[in-house]
Amino acid sequence: MKKRFKCLFHVDCNRIAVFIVLLAMCFVNTWAKTDLPEQSVVIPGFDEQVARERLLESDMQPLEGIWYYPNENMTIAIERWEPEPSHKIGYRLLLVASDDLELVPGTVIGYIEASAVENKYHMWLYSQRNKVTLIGPLECVATLNADATSLTFDPPHWEVKLRVNFARFLPTIFRGISVIPGIVQEKLPIGFKKIFPVDGNGNKFDKVRYL
């Protein structure tokens, strides 16, 4: 009888665990913006030189450029992204270089959308990875400083209570996903530092450059 009780208890625990995982995945889908690609894509032939050329050929906006993320020794490019006339995202983040050699340059790691506040942006970064594919975009609020040389943001404030079977992407930002979001201790914002274009002509980064 005792053995049978243990078996039933084990089965019930398995069912509960499956239910919690499904619930957690529902929360992930809720947090992600519905019109964002669910997984990353790779722009073929993309590298730093290509990024510089594409930026120089455009009427560069303050948010656009090549940025360095020191927390993970990662270089990214931010460029405008308008796949459809009705699309409201506005920008995408592309990997230029990283210590993680499994990630290919040109991998889209996130998207940015302007908000009602001039220097505030909605930013979605992929938070998980399935081998070399990034998945699970989550939102944070990014702030562009006055001269457009730094883009800071607060990591999403969720505690780790359940880990899905995926490797973390950007671990200094995403420390896990909880079934029920909980308030965590406030931390100093982290962010990107602009490394291109370099202002050598007295031009401010926060001004649109016209060709």
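What counts as what
Residues numbered from 1 in each chain as written. Predicted model: local features only at pLDDT ≥ 70, side-chain atom pairs only at ≥ 80, totals over all residues. Heavy atoms only, no water. Helix = DSSP H or I, 4+ residues; strand = E, 2+ residues; numbered from the N terminus. Buried < 20%, exposed > 50% of the residue type's maximum accessible area, 1.4 Å probe, protein only. Contact = heavy atoms within 4.5 Å. Areas by Shrake-Rupley, 256 points an atom, 1.4 Å probe, with all protein chains shown as cover. pLDDT = per-residue confidence, 0-100.

Draft legend 1. The overall build of the chain, seen in detail. In terms of helices and strands, the chain carries two helices and nine strands. Looking at the 211 residues of the chain, the share that counts as buried comes to 40%. Considering only intrachain contacts with a sequence separation of at least 6, the fraction spanning at least 24 residues in the chain is 55%. Only carbon and sulfur atoms are counted for the fraction: they give 58% of the accessible area of the chain, which is about 12,500 Å².

Draft legend 2. Seen up close, the environment of Lys194. Inspection of the secondary structure puts Lys194 in strand β9 (residues 190–196). We classify Lys194 as buried; its relative accessible area is 9%.

Draft legend 3. Here's a closer look at the confidence of the model for the chain. Per-residue pLDDT for the chain has a mean of 74; in total, 61% of the residues score no lower than 70. The spread of mean pLDDT over the elements of the chain runs between helix α1 (residues 2–31), the lowest at 43, and strand β1 (residues 65–69), the highest at 97. The low-confidence segment residues 177–184 (pLDDT under 50) makes 29 contacts with residues lying over four places distant or belonging to another chain. Scored below 50 in pLDDT, residues 200–211 shows 25 contacts in the model against residues more than four places distant or in partner chains.

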